[in-house]
Amino acid sequence: MELCGAALVAHSLPPPLEPFEEALAAYAREVAEVRLEGVTRELPGDAAERFFAIGFSLEQVHKNLVDLQRVVAEWGPEPDEHGGLDQ
């Protein structure tokens, strides 16, 4: 988020979301593997709730980051005289 603030001050493009999205996809693959192996069935109820709540929380963080990226892009670079974006 610090990079988003710097992008706003500099009127530049927001930082890419790809690193976070790649990590989120890797997490989802690992969760799917754990579920396939049946590990979550062995967890006590409260631990299983926390395990699955993490996934919901990460999805919400992703939605928030997408929204933040959109806002930074809207407030970011000004079009130059040729219609492109100044960086």
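Report follows, based on the coordinates.

Each value, and the rule that gives it
Residues numbered from 1 in each chain as written. Predicted model: local features only at pLDDT ≥ 70, side-chain atom pairs only at ≥ 80, totals over all residues. Heavy atoms only, no water. Helix = DSSP H or I, 4+ residues; strand = E, 2+ residues; numbered from the N terminus. Buried < 20%, exposed > 50% of the residue type's maximum accessible area, 1.4 Å probe, protein only. Axes fitted to C-alpha atoms, helices over the stretch in contact; angles between N-to-C directions. Parallel < 35°, antiparallel > 145°, perpendicular 65-115°, else oblique. Left-handed = near helix turned anticlockwise from the far one by under 90°. Contact = heavy atoms within 4.5 Å. Nonpolar A, V, L, I, M, F, W, Y, C, P; charged D, E, K, R; others polar. Salt bridge = Lys/Arg side-chain N within 4 Å of Asp/Glu carboxyl O.

**A word on the side chain of Thr40**
Point 1. Along the chain, Thr40 falls in the loop between α2 (18–36) and α3 (45–75).
Point 2. By relative accessible area, which is 12% here, Thr40 ends up buried.

**Some words on the packing of α2 against α3**
Point 1. Two elements in contact, α2 and α3, have axes separated by 11 Å at closest approach and are oriented at 160°. Between α2 and α3, the crossing angle belongs to the class labelled roughly antiparallel. Considering the relative orientation of α2 and α3, their crossing is left-handed. Of α3, the residues touching α2 (which contributes Phe20, Glu21, Leu24, Tyr27, Val31, Val34 and Arg35) are Phe51, Phe52, Ile54, Gly55, Leu58, Glu59, Val61, His62 and Leu65.
Point 2. Looking at side-chain class alone, the contact of α2 with α3 contains 11 nonpolar, 2 polar and 3 charged residues.

**Topic: the pattern of salt bridges**
Between side chains of opposite charge, a pair can form as their charged atoms come close.
Point 1. Tallied over the entire structure, the rule returns 3 salt bridges.
Point 2. For Arg70, the salt bridge identified is with Asp67, shortest N-O distance 2.4 Å. Taken as a pair, Arg70 and Asp67 lie in helix α3 at a separation of 3 residues, close to a single helical turn.
Point 3. Assessed through its relative accessible area of 37%, Asp67 is described here as partly exposed.
Point 4. Taking the shortest distance from any N to any O, the salt bridge between Arg70 and Glu74 comes out at 2.9 Å. One end of the pair is Arg70 and the other is Glu74, both in helix α3 and 4 residues apart, which spans about a single turn.
Point 5. Residue class for Arg70 comes out partly exposed when judged on its relative accessible area of 40%.
Point 6. Overlapping salt bridges bring together Asp67, Arg70 and Glu74 as one network.

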